[in-house]
Amino acid sequence: MEMQNLPPSGPPTQRAKLLSALRSSRAMQKIRQYQTILMAGTFFVLAAIFGLNSQSPIEAPATGSSPTTLAQATLAPADGSITPTLISSTEVASNRPTATDVAGGGPVGPPAPNRATPTIEGAYPPPMGDGPTPTIDPFPTLPVGGTSMPLFPTSSTGNRSTTAPTQGSGSNYPTPDTKSTPAPTNIPVPTDSIPLPTDQLPFPTEEDDDPRATEDPMETPSSTEEPFETPTATATEGPTATPTNTPTPTPLPYDMIRGNTRWSIAQSPVKVRRDTIIAKGATLTIDDGVEVLMDANTSLVVDGSLSANGARFRKSGQSLWKSIVVNNGGQANLNGVDVRGGGAEGVLISALGGNTIIQDSVFEENQGRMYISGGNFDMQRSRVVGYAPISAEVRGGKSLRLFSNVINNTASDGATGVSLSATADDVEIVLEKNSFRGNSGTNVRAQFNQSLNAVFQCNSFSGGAYGLQIKSTDPTLDGSRILISANSFQSHKNYGLTGDVGFDARNNWWGDASGPYHPEQNGAGTGDAVGVNLTFSPWLNAKPSCTP
């Protein structure tokens, strides 16, 4: 009945009846459509159950042979032939569906030829609202191997072949068309039927005029649409995690001496393989006669206290070791030591702070000098031989004392043997009874930029271009606080004594009784020349007895 066939006018009661009849007619059409789909779905389910029985005939197992499980099913060859799989008659009877298992109670029989057979159990659940539907379990009991069904193997062609139970022992069913759409792979068959989620129902869930299209039941469901519980697979071990161990501390590039340590003659020789630090508050005592072998480029650093008495420092191989370093707060007492083979980086003794006291010691066959920069430095009765052997910067409140030493500058390029400098007026500089020798350059050069107390007394200056030079950037510097007396100046090419500022140079020996050479005041003098701005007369007629 169509709307255009309704009379254009009429009593309201008649029109309402017609509209009601029209709606009832549409509802019946939908109900018939749902019933048709339900019947088709039921039919497909039955076909899926009994279609599997037609793949191969069933033979009785041989005597003594064990039953073959589904997991042992033979794959379908590429030519489409089926290899039968043997199962027992007991399994056939237990797995055969009965007439009461089929929805609608109809007779059970083989599926019609060329009938499409769904392979997903429960793909067509009943319509919503019609109440529960009897569950169809095509495999009530697994013959062997527990409660879960193993995965189906897949052949190279994508087809799956298994032997299914039949209605009766010895009954043969026609083989289904091998060209039909292959079933999804790796779908486990559960022991209990599980309905599909409601979002996969093939029936409309909204009141539309037309039902939504039903999804293809043969399409492999996605992981989110899988209606069956996936069997638990054997856990596969992942990559073995490397155990987290406590990280090994990076070895320090030096050795640390803590507490009180003694290197005795019984331990000699003691080999220092890398830099060794005497920690603050620690003391290292080296006994008389101990030989300390220093590896290449190693140093002995004093932050605490070092006391070496009669020890010998040597290189352990062919390469030079570095130095003995005294840091701020350190105390080094080197008494009667013999130090050789050091100064790999140009410095042999590095007095950067604290107190350094050297007595009756020998420093020869080294490549580095003594470098004093901060702290107090006192060296007595010792012998230092090398290239420009001493360089000292005396800082405020500190002192430098050289007493009765032999300091021999082996430089041949004019380098200064002992270089002194002071930047403050509260320093103390005393050079007394020393022998300063050289082949070229200056024996001792002092740079004073402020008036200070300095004593140069009873020293012997010989060889080289100059004996003693006093330099200053301030030409008005008061030199009256600088004492230069009872020294011996001999055998210098240029001047025995010279300076940028005026100071008192009387009572010194110039190498000859005639006195120093001065072009204006003593032109007849044959001794070493003296600076023109210095007061030098009277002079000594002989070498002072206090000089070495």
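What you see is a predicted model, and the numbers here were worked out from it, not measured in a lab.

**Topic: the pattern of salt bridges**
At step 1: All told, the structure shown has 14 salt bridges when counted by the stated rule.
At step 2: Glu 365 is the salt-bridge partner of Arg 340, the closest N and O atoms lying 3.3 Å from each other. Linking Arg 340 in the loop between β12 (338–339) and β13 (347–351) with Glu 365 in the loop between β15 (362–363) and β16 (369–373), this pair joins segments that are 25 residues apart in sequence.
At step 3: You can call Arg 340 buried: its relative accessible area is 17%.
At step 4: Residue Glu 365 is classed as exposed on the basis of its relative accessible area of 59%.
At step 5: Between Asp 378 and Arg 401 there is a salt bridge, and its shortest N-O distance comes to 3.9 Å.

**Some details on the state of the cysteines**
At step 1: All told, the structure shown has one disulfide when counted by the stated rule.
At step 2: For Cys 458, the disulfide goes to Cys 546, at an S-S distance of 2.1 Å. Here the S-S torsion is close to -90°, and the disulfide linking Cys 458 with Cys 546 is therefore left-handed. Linking Cys 458 in the loop between β26 (453–457) and β27 (460–462) with Cys 546 in the segment after β31 (495–499), this pair joins segments that are 88 residues apart in sequence.

**A look at the sheet that holds strand β20 (residues 399–403)**
At step 1: The ten strands are arranged β2-β5-β8-β11-β14-β17-β20-β23-β26-β29 in an open sheet whose pairing can be described as parallel. Because the sheet does not close on itself, it has two edges, and the strands there are β2 (260–263) and β29 (482–485). Averaged over all neighbouring strand pairs, the angle between strand axes comes to 5°, with direction disregarded.
At step 2: Bridge analysis of strand β23 (residues 428–432) against β26 gives five bridges, and the strand direction is parallel. Looking at β26, one finds that Glu 428 is bridged to Asn 453.

**Quick look at the sheet that holds β16**
Sheet strands pair via backbone hydrogen bonds, and the direction of the pair is either parallel or antiparallel.
At step 1: Taking strand neighbours across the sheet as the criterion, the eleven strands line up as β1-β4-β7-β10-β13-β16-β19-β22-β25-β28-β31 in an open arrangement whose pairing is parallel. On the outer flanks of this sheet lie β1 (254–257) and β31, each paired with one strand and no other. Neighbour-to-neighbour, the strand axes of this sheet turn through a mean angle of 10°, independent of strand direction.
At step 2: Of the strand pairs in this sheet, strand β19 (residues 390–394) and strand β22 (residues 418–422) are connected by five bridges, and their pairing is parallel. Across the sheet, Ala 392 pairs through a bridge with Leu 420, a residue of β22.

**Section: the side chain of Thr 298**
At step 1: Secondary-structure assignment places Thr 298 in the loop between β6 (291–294) and β7 (300–302).
At step 2: Once residues within four sequence positions are removed from consideration, Thr 298 is found in contact with Val 272, Arg 273, Arg 274, Asp 275, Trp 321, Lys 322 and Ser 323.

**What to know about the environment of Val 427**
At step 1: Along the chain, Val 427 turns up in the loop between β22 and β23.
At step 2: Relative accessible area serves as the criterion here: at 4%, Val 427 is assigned to the buried category.
At step 3: Sequence-wise, Val 427 and Asn 453 are 26 residues apart; in three dimensions their C-alpha atoms are separated by 7.2 Å.
At step 4: The residues contacting Val 427, other than those within four sequence positions of it, are Val 394, Arg 395, Gly 396, Gly 397, Lys 398, Ala 422, Leu 452 and Asn 453.

**Things to note about empty space enclosed by the protein**
At step 1: The full count for this structure, using the stated rule, is three cavities of 30 Å³ or more.
At step 2: The volume enclosed by the largest cavity comes to roughly 60 Å³.
At step 3: If you list the elements that add at least two residues to the lining of the largest cavity, you get β16 and β18 (383–386).
At step 4: In terms of residue class, the lining of the largest cavity is made up of seven nonpolar, three polar and one charged.

**Things to note about the packing of aromatic side chains**
A ring pair, where both rings are aromatic, is described by two values, the distance of the centres and the angle of the planes.
At step 1: What the rule picks out here adds up to six aromatic pairs.
At step 2: Considering the side-chain rings of Phe 536 and Trp 539, the 6.2 Å spacing of their centres and the 25° angle between planes classify their relative orientation as stacked.
At step 3: By relative accessible area, Trp 539 is classed as partly exposed at 23%.
At step 4: Through a chain of ring-to-ring contacts, three or more aromatic side chains come together here, namely Phe 436, Phe 461, Phe 489 and Trp 510.

**Thoughts on the confidence of the model for the chain**
At step 1: Averaged over every residue, the pLDDT of the chain is 74; residues scoring 70 or more account for 59%.
At step 2: In the predicted structure, residues 1–5 sits below a pLDDT of 50 and forms four contacts with residues beyond four places in sequence or in another chain.
At step 3: Per-residue pLDDT stays below 50 along residues 96–185; that stretch engages in 152 contacts with residues further than four places along the chain or on separate chains.

Conventions we followed
- Residues numbered from 1 in each chain as written.
- Predicted model: local features only at pLDDT ≥ 70, side-chain atom pairs only at ≥ 80, totals over all residues.
- Heavy atoms only, no water.
- Salt bridge = Lys/Arg side-chain N within 4 Å of Asp/Glu carboxyl O.
- Helix = DSSP H or I, 4+ residues; strand = E, 2+ residues; numbered from the N terminus.
- Buried < 20%, exposed > 50% of the residue type's maximum accessible area, 1.4 Å probe, protein only.
- Disulfide = S-S within 2.5 Å.
- Pairing = 2+ DSSP bridges.
- Axes fitted to C-alpha atoms, helices over the stretch in contact; angles between N-to-C directions.
- Contact = heavy atoms within 4.5 Å.
- 1 Å grid on protein atoms, 1.4 Å probe; cavity = no way out; pocket = protein on both sides within 12 Å on 5 of 7 lines; lining within 4 Å.
- Points joined across faces, edges and corners; volume = space filled by probe spheres on them.
- Nonpolar A, V, L, I, M, F, W, Y, C, P; charged D, E, K, R; others polar.
- Phe/Tyr/Trp six-rings, centres within 6.5 Å; stacked < 30°, edge-to-face > 60°.
- pLDDT = per-residue confidence, 0-100.

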